[in-house]
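Listed below, chain by chain, are the residues.
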Amino acid sequence: MKDVNAENIEFLSSGVIAPVKKWGAKWSLWAVHLVTSCCGVELAHAYASGYDAERWGSLNFGMMRQTNLIIVEGTITKKMARALRITWEQMPDPKFVILIGACGIEGGLFWNSYHITRPWKIIPVDYFVPGCPPTPEGLISAIRALQKKIERGEAKTTAEFREADLEKILGKGEKERKPPKPPLKIEPKPEIKIEPREVEWEFGKELVAKLSSKLPFAEVFVIDKNRVYIKSESKFYRKVAEVLEKEGFDHVKSLNVIDVLHEKKFIVECSVSSYSVKELMPVIVTFSVEISRENPRIKSLIDIWPSIDYQEREMHDFFGVWFEGNPWMGNKFLLAPEVETPLRKDFKLEEPSYVLEG
Ligand code: SF4
């Protein structure tokens, strides 16, 4: 059998069979599943029974090797960027890309976030659909526009941007243009106030009395109905957890770290509740400790509440807090390899700048 060579490919794209090939490609735009953000809901809307995008021969498909379209749905993070490029590279030619959502175009509401990329720098895009969220009608019109492009024979293996004459648009000369400063007001020394509050909650008073007797080294108080707060020194962090677990608080709701930059400290805050003790079910107890920002280390609670594992890993990624005893420490859980502790207040965001050469 003769090999498929350049001559055969040329015959397919411009010979007598070309119109059939174009017709086939036009009515079989199969989009690889690559849902990255909330724009994915709009994609689902476009393909659900209401709009039924399958009427135009477009069908979402699971395997990139049998697909010819990527619909990039909104945000692409630094970690996801590699997967996007690999997916695109594995698709057969001719292949097309539609990018939907403000996040994919210029970052959208995450425009100055530590983890965001511009997907059009990673793969070539044929059509952009703006909006936050974009509409299903917008996506369908992009599919229709792509079909017309294929019909006209413009479809290429790799789309290219048209060159814009920036000198004409922006004037002559070399100047650096910076995006506007983020619209943020940063309070240099924000106050963190957690105070007792008088509320009508008899059970809360009994609970506070009981916990106070078992935790004499800690401050225990009610901050709202069904909400109890416990403050202690960091050396008692595990002890507080052990007492709460014995009292019936059997799961962790959340683990947070607050960066108090001006006081050079982190506040580690853990909230727990109960699924097994009826009276405790509506109650959330939050216990917090302060640790140094220079060497932020604290004991892990993984053996008391195994479900805290992922939250400790997240806080390790975002703030660099080391949870002693959690075997994951030292690895990256959520972040791209080059990103370090992005939720610390002194983390420097990449500032995009545009240089006009003329
Ligand atoms: S553009 Fe809006 S809807 Fe789409 S991913 Fe971004 S935030 Fe979500």
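See the structure shown above.
Residues numbered from 1 in each chain as written. Predicted model: local features only at pLDDT ≥ 70, side-chain atom pairs only at ≥ 80, totals over all residues. Heavy atoms only, no water.

This part takes up the pattern of salt bridges. The full count for this structure, using the stated rule, is 19 salt bridges. Across the pair lysine 210 and glutamate 247 runs a salt bridge whose closest N-O atoms are separated by 3.0 Å. Here lysine 210, found in helix H8 (residues 202-214), pairs with glutamate 247, found in the loop between helix H9 (237-246) and strand E9 (251-260); they are 37 residues apart in sequence, far enough to count as distant. Owing to a relative accessible area of 17%, glutamate 247 belongs among the buried residues under this scheme. One salt bridge in this structure joins aspartate 346 and arginine 293, with 3.1 Å as the shortest N-O distance. Note that aspartate 346 is positioned in the loop between strand E13 (322-324) and strand E14 (354-356) and arginine 293 in the loop between strand E11 (284-292) and strand E12 (297-299), a separation of 53 residues in sequence. For arginine 293, a relative accessible area of 8% corresponds to the buried category. It is possible to trace a salt-bridge network through shared partners that takes in Lys210, Lys214 and Glu247. (Salt bridge = Lys/Arg side-chain N within 4 Å of Asp/Glu carboxyl O. Helix = DSSP H or I, 4+ residues; strand = E, 2+ residues; numbered from the N terminus. Buried < 20%, exposed > 50% of the residue type's maximum accessible area, 1.4 Å probe, protein only.)

Applying the stated criterion across every chain yields a total of ten aromatic pairs. A ring pair is formed by phenylalanine 217 and phenylalanine 236, whose centres lie 4.0 Å apart and whose planes are at 20°; its orientation type is stacked. Pair noted here: phenylalanine 217 is in the loop between H8 and strand E7 (219-224) and phenylalanine 236 is in the loop between strand E8 (227-231) and H9, with a separation of 19 residues, a long-range link. Through a chain of ring-to-ring contacts, three or more aromatic side chains come together here, namely Tyr237, Phe287 and Trp305. The positively charged end of lysine 95 is found above the aromatic ring belonging to tryptophan 88, 4.2 Å away from the centroid. Seen from the ring of tryptophan 328, arginine 313 lies directly overhead, with NZ or CZ sitting 4.0 Å from the centre. (Phe/Tyr/Trp six-rings, centres within 6.5 Å; stacked < 30°, edge-to-face > 60°. Lys NZ or Arg CZ within 6 Å of the ring centre and 35° of its normal.)

This part is about the sheet that holds E11. With mixed pairing, five strands are arranged side by side in an open sheet as E7-E8-E11-E10-E9. In this open sheet, the two strands that pair with only one neighbour each are E7 and E9. The mean inter-strand angle of the sheet, taken between neighbouring strand axes irrespective of direction, is 25°. In the sheet, strand E10 (residues 265-273) pairs with E11 via eight bridges, with the strands oriented antiparallel. For glutamate 269, the partnering residue across the bridge sits in E11 and is serine 288. Along the sheet face, H9 touches E8, E9, E10 and E11 and points at about 170° away from the line of E11. Contacts between helix H10 (residues 309-319) and the sheet are confined to E9 and E10, with E9 contributing the most and set at about 15° to the helix. (Pairing = 2+ DSSP bridges. Axes fitted to C-alpha atoms, helices over the stretch in contact; angles between N-to-C directions. Contact = heavy atoms within 4.5 Å.)

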